[in-house]
Amino acid sequence: MPDSQALDATPLDATRPGVRRVRRATVLVAGLALTGFVGLTAGCGSDGGDVPGPSASASLPTALPTALPSGLPTALPSSLSTSIPGVGKADAVTGAAALHGTNVPADFPVPPGATVKVGTTTGKSSTVTLSGVSSDRVAAFYRTALPQAGYRITSDVGIPGVARALAFDGHSVTGSIGAAGLGQSNAIAIVFTKH
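Residues numbered from 1 in each chain as written. Predicted model: local features only at pLDDT ≥ 70, side-chain atom pairs only at ≥ 80, totals over all residues. Heavy atoms only, no water.

**Digging into the pattern of salt bridges**
Defined as follows: What makes a salt bridge here is a side-chain nitrogen of Lys or Arg within 4 Å of a carboxyl oxygen of Asp or Glu, nothing more. A run of H or I in DSSP becomes a helix once it reaches four residues, and a run of E becomes a strand once it reaches two; helices and strands are each numbered from the N terminus. Relative accessible area decides the class of each residue, using a 1.4 Å probe on protein chains only: under 20% of the type maximum gives buried, over 50% gives exposed, and in between gives partly exposed.
Taken as a whole, this structure holds three salt bridges when the rule is applied. The residue R143 makes a salt bridge to D156 at a minimum N-O spacing of 2.6 Å. You can see R143 sitting in helix α4 (residues 135-148) and its partner D156 sitting in strand β5 (residues 152-159), a full 13 residues away along the chain. A relative accessible area of 8% means that D156 is categorised as buried.

Next comes the structure, spelled out in structure tokens:
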């Protein structure tokens with residue numbers, strides 16, 4: 001009779017479609033959580049200090065969900081354009097082209113090591129998602145890069161090592177940057193709104 005523990009210790013093959021689907025789902029969950037975090041903190045002011053650790057982190061999740069969907073699509077379109085009643089035209093672009101969204105200022109700084117994932121534009125708002133850089137590195141980068149590029153930081157809040165949110169103004173846009181990390185997944189969402 002085979003040892004059941006020996007079978008469970010077999011390493012996962014990262015090239016298998018099932019493993020890639022789980023990783024995509026993990027990034028999707030992190031992105032959705034990040035978008036919610038950015039939305040909740042975009043209007044919050046701050047004196048630049050960090051949120052106290054123990055009481056603030058008590059309500060944060062400590063593990064990723066275990067029941068992820070297994071039937072995720074394997075081929076996604078590189079761009080999508082549609083018209084939404086009451087909103088107007090909505091566009092979505094993947095990869096580096098996301099930095100050329102309607103409301104994204106030219107030459108907006110991107111942290112070294114970050115990968116541009118998706119950009120969406122609806123009316124006066126554009127959102128760009130990035131990955132590959134921790135929330136603390138994102139905050140450190142933008143605290144220097146934004147003022148050098150002509151932007152004013154209007155708020156800076158977060159929990160070190162978990163999530164950060166910065167708001168900024170300049171180049172005819174207001175914006176917010178949210179960065180969060182769940183396990184090995186780090187996600188960044190930058191929202192630009194034309195004045």
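**With respect to the environment of S172**
Relative to the helices and strands, S172 is located in the loop between β6 (163-170) and β7 (173-182). For the pair S172 and P105, spaced 67 residues apart in the sequence, the C-alpha separation amounts to 8.3 Å.

**A short note on the packing of aromatic side chains**
The line we're drawing: Between rings of Phe, Tyr and Trp, where Trp is taken as its six-membered ring, a pair exists when centres lie within 6.5 Å; planes separated by under 30 degrees are stacked, by over 60 edge-to-face, and by other angles tilted.
Tallied over the full model, the rule gives seven aromatic pairs. With 5.5 Å between their ring centres and 85° between their planes, Y151 and F168 make a pair best called edge-to-face. Here Y151, found in the loop between α4 and β5, pairs with F168, found in strand β6; they are 17 residues apart in sequence, far enough to count as distant. Residue classification places Y151 among the buried residues on the basis of a relative accessible area of 7%. Ring geometry for F168 and F192: centres 6.0 Å apart, planes at 70°, overall edge-to-face. Separated by 24 residues along the polypeptide, F168 in strand β6 and F192 in strand β8 (residues 185-194) bring together distant segments of the chain.

**Focus: unusual backbone geometry**
Its identity is not glycine, yet D107 carries a phi of approximately 60°, on the positive side. In this structure, D107 sits in the loop between β2 (88-94) and β3 (115-122).

**What to know about the confidence of the model for the protein chain**
Our working definition: Confidence of the predictor in every single residue is expressed as pLDDT, which spans 0 to 100. Residue contacts follow a heavy-atom distance rule, with two residues in contact if any of their heavy atoms lie within 4.5 Å.
Across the protein chain, the average pLDDT comes to 73, with 52% of residues at 70 or higher. Within the model, the stretch residues 1-10 combines pLDDT values under 50 with zero contacts to residues more than four positions away or in other chains.

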